[in-house]
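Remarks on the overall topology
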Amino acid sequence: MDYLKHDIMLLRGLSRQDSSSINAIYKDVYPSVLNMVTGFSGSAEDASDVFQEGMIILYEKSLDPDFELKSLIKTYLYAVCKRIWLKKWQRDKKTEEWVDDNSQLADNEEEWERMMQRQEELTRMESALKSLGEPCKSLIEAYYFKKMPMMEIASAFKYTNADNAKTQKYKCLMRLKKLFFQDKKG
Amino acid sequence: MEEIQIAEMVERYLSGEMGDNELMSFEHKRKTDSIFNKAVIDHIYFIQHLEDTGKIMALKSKLKQIESNDLKNEISTFGSTSKVISIWRKNRKTIAVAASIAIVVSAACASIISFFSNGKNTHLKPLVEKMKEQDVKYKKLESQIGKLKSESIQNNTTPSPKMESKFRATGFLIDVNNNYIVTNAHVISEASNQLAVENNKGEEFFAEPVYINHETDLAVLKIQDKNFKKLPPVPYSIKKNEADLGETVFILGYPKEEIVYGEGYVSAKNGFQMDPLFYQLNTMAKEGNSGSPVINKNGELIGVISQKRDGEEGVVFAIKSSSIFDAIDEMKKIEDLKNIQLTSQQSLRKSDRINQVKKVQEYIFMIKGN
């Protein structure tokens with residue numbers, strides 16, 4: 001089997017969040033990202049953050065039916081991570097001469113901006129969820145993430161019945177919505 | 001209309017709970033009331049966004065776990081697409097014999113690829129390039145609605161197509177709350193991509209390795225499939241003490257496409273080359289029996305089939321059940337796995353063999369993967 005086919009399968013695995021695929025990608029790419037980041041005065045922690053962001057982008061790509069993997073995951077993900085680190089670098093105004101090699105990235109600047117904006121929105125939702133507090137946070141997670149049936153949620157959260165749990169869930173959802181959009185304005 | 005009511009309506013719409021009349025009036029209102037329609041669209045976006053965030057959070061936590069495992073460099077968790085760093089037993093020869101038990105079913109590369117590309121068929125993308133800019137956003141929304149709807153339908157019924165498997169082995173449930181299945185570590189090594197388990201009714205569920213230890217040759221899988229329905233407590237208990245020499249046992253496993261019963265006895269208290277982690281059994285085990293539970297007449301699980309002696313019929317080695325307890329102790333130290341709990345309600349002691357088998361077989365799974 002050629003390498004690209006193998007990587008396309010890995011990408012499929014990633015789209016399902018299959019742990020062995022994620023692990024394989026990590027083993028394959030993380031060392032070079034770590035080298036790159038620490039080589040440019042970053043810490044191991046920076047490298048880990050950059051890699052995480054890169055993986056999220058790759059994951060979202062794996063779900064995009066229009067995305068076609070044209071290079072190996074290693075090449076693609078490394079280029080994405082490099083770009084992320086470069087942007088962070090520039091933002092911190094530690095600018096040094098650094099050739100930005102985007103040849104492996106088919107994405108243009110516009111697409112990149114869109115991806116970054118998307119990352120920001122996802123982070124915003126995550127922090128809105130965090131500031132929601134309990135039991136709302138767990139209730140929302142149980143229903144929308146774990147897809148637990150309302151009956152089970154009711155008994156797990158000690159509500160008298162499923163309808164009652166449902167009402168609470170909607171109230172929590174409305175609060176989350178408010179928090180999310182508030183944050184956007186602020 | 002209040003926002004909360006709209007939210008409720010949208011979710012009923014997405015989950016397909018609306019009746020025909022309600023659906024018609026809902027669609028009608030969307031067409032005629034633009035403010036209502038916007039609120040509906042906004043809410044769909046919001047839900048989609050929330051669910052995406054959930055998936056990203058799950059991905060992050062998986063990454064974090066992989067990273068911490070990597071740092072600790074302890075037992076290798078997860079499959080083996082890349083080189084497996086692991087504690088191999090000192091005796092590599094044993095492993096070579098072991099590996100032969102998980103049978104390799106032919107798997108043409110092409111068929112694997114076609115399995116993986118199946119998902120793509122659901123996303124059709126006609127006319128995209130011909131669309132005007134402002135239509136693209138709308139098209140994306142429509143496809144998102146379609147995706148959400150198809151996801152909720154999947155939740156209910158649609159069985160997924162069967163996996164193209166490269167091998168077949170056996171495993172058994174030990175924890176019905178977390179759906180943990182025990183099998184052999186060498187079984188997991190056969191899979192480079194996906195793992196699935198199949199119950200005795202032929203239903204298939206995706207699973208993921210959460211623990212692998214090549215030293216004891218034990219692995220634990222977690223069923224990660226929303227279609228899997230929780231089972232009542234496990235009918236067998238796991239024996240802490242050593243089994244007795246001469247004890248009669250039975251095994252259940254998948255040496256073929258259906259579950260197969262076998263009998264035998266403990267013929268020695270140590271394994272190959274006096275390996276103290278194994279029993280030697282006298283029984284018939286074939287390729288596919290790797291991971292089969294070995295159960296005594298009281299309904300206690302005393303071991304897990306792992307290897308057989310090459311060329312010597314009837315000499316089979318089983319991992320002692322005490323290694324399962326060691327695995328559980330190790331799992332309890334890991335944040336995401338610490339909830340593991342043996343959920344057994346021993347109900348086999350007074351049953352005869354036929355009824356014991358009847359009760360047990362629901363908990364024995366075929367392990368497949370590619």
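Refer to the structure presented above.
A short tour of the structure in this document, coming up. (Residues numbered from 1 in each chain as written. Chains lettered and ligands numbered in written order. Predicted model: local features only at pLDDT ≥ 70, side-chain atom pairs only at ≥ 80, totals over all residues. Heavy atoms only, no water.)

**A look at the packing of aromatic side chains**
Threshold: Note on ring pairs: Phe, Tyr and Trp rings are taken, using the six-membered ring of Trp, and paired if centres are within 6.5 Å. Classes follow the plane angle, with under 30 degrees stacked, over 60 edge-to-face and the rest tilted. Only runs of H or I of at least four residues qualify as helices and only runs of E of at least two qualify as strands under DSSP, and these elements are numbered from the N terminus. Note on classification: 1.4 Å probe, protein chains only; a residue is buried when its accessible area is under 20% of the maximum for its type, exposed when over 50%, partly exposed between these limits. A positively charged side chain is recorded as over a ring if its NZ (Lys) or CZ (Arg) lies within 6 Å of the ring centre. The angle to the ring normal must also be within 35 degrees.
According to the stated counting rule, one finds 16 aromatic pairs over all chains in the structure shown. Ring geometry for B:Tyr236 versus B:Tyr363: centroids 6.4 Å apart, planes at 85°, classification edge-to-face. Of the two residues, B:Tyr236 is situated in the loop between β6 (218-223) and β7 (237-238) and B:Tyr363 in the loop between α9 (353-360) and β14 (364-369); the sequence distance between them amounts to 127 residues. Classification of B:Tyr363 by relative accessible area gives buried; the value is 4%. Counting every residue linked through ring pairs, the aromatic cluster contains A:Tyr26, A:Tyr30 and A:Phe51. Positioned over the ring face of A:Tyr143 is A:Lys169, at 3.8 Å from the centre of the ring. The side chain of B:Lys222 reaches across the aromatic face of B:Tyr180, ending 5.2 Å from its centre.

**Quick word on the pairing of β14(B)**
Residue and element names in this part refer to chain B. The criterion, for reference: At least two DSSP bridges between two strands are required for those strands to pair.
The element β14 is largely enclosed, with a buried count of 6 among its 6 residues. In β14, alternate side chains face the same way, and those of Ile364, Met366 and Lys368 on one face and Phe365, Ile367 and Gly369 on the other are all buried. Pairing between strand β2 (residues 167-175) and β14: 6 bridges, direction antiparallel. Its bridge partner lying in β14, Thr170 is registered against Met366. Of the pairings in the sheet, the one linking strand β4 (residues 195-198) to β14 comprises 4 bridges and is antiparallel in character. Within the sheet, the bridge partner assigned to Val197 lies in β14 and is Ile367.

**A short note on the interface of chain A and chain B**
The following threshold applies: The contact criterion used is simple: two residues touch if any of their non-hydrogen atoms lie within 4.5 Å. In the sections that follow, a salt bridge refers to a side-chain nitrogen of Lys or Arg positioned within 4 Å of a carboxyl oxygen of Asp or Glu. N or O atoms within 3.5 Å of each other form a polar contact, as long as, within protein, one can give a hydrogen and the other can take it, and as long as residues adjacent in sequence are counted only when both atoms are side-chain atoms. Nonpolar residues are Ala, Val, Leu, Ile, Met, Phe, Trp, Tyr, Cys and Pro. Charged residues are Asp, Glu, Lys and Arg, and all others, Gly as well, are polar.
With 51 residues of chain A at the interface, the matching set in chain B holds 47 residues. The tally of links between chain A and chain B comes to 5 salt bridges. In this structure, B:Glu11 engages A:Lys169 in a salt bridge whose closest nitrogen and oxygen atoms are separated by 2.8 Å. Our enumeration of links across chain A and chain B arrives at 14 residue pairs in polar contact (both at pLDDT 80 or more). Put simply, the parts of the chain that give the side of chain A that touches chain B at least two residues each are α1 (3-15), α2 (19-39), α3 (44-63), α5 (109-130), α6 (136-145) and α8 (162-185) of chain A. Broken down by element, the residue count for the side of chain A that touches chain B peaks at 10 residues, all from α8(A). Looking at the side of chain A that touches chain B, its residues break down into 26 nonpolar, 9 polar and 16 charged.

**Side note on the nonpolar core**
Inside soluble globular proteins, nonpolar side chains tend to come together where they are buried. For the record, the criterion: Residues enter a nonpolar core if they are buried and are Ala, Val, Leu, Ile, Met, Phe, Trp, Tyr or Cys, with the set joined through side-chain atoms within 4.5 Å.
Among the nonpolar cores identified, the biggest contains 58 residues, and B:Phe172, B:Leu173, B:Val197, B:Tyr236 and B:Ile367 are the most heavily contacted of them. In contact with B:Leu173, not counting residues within four places along its chain, are B:Asn179, B:Tyr180, B:Ile181, B:Phe228, B:Leu231, B:Val234, B:Tyr236, B:Tyr363 and B:Phe365.

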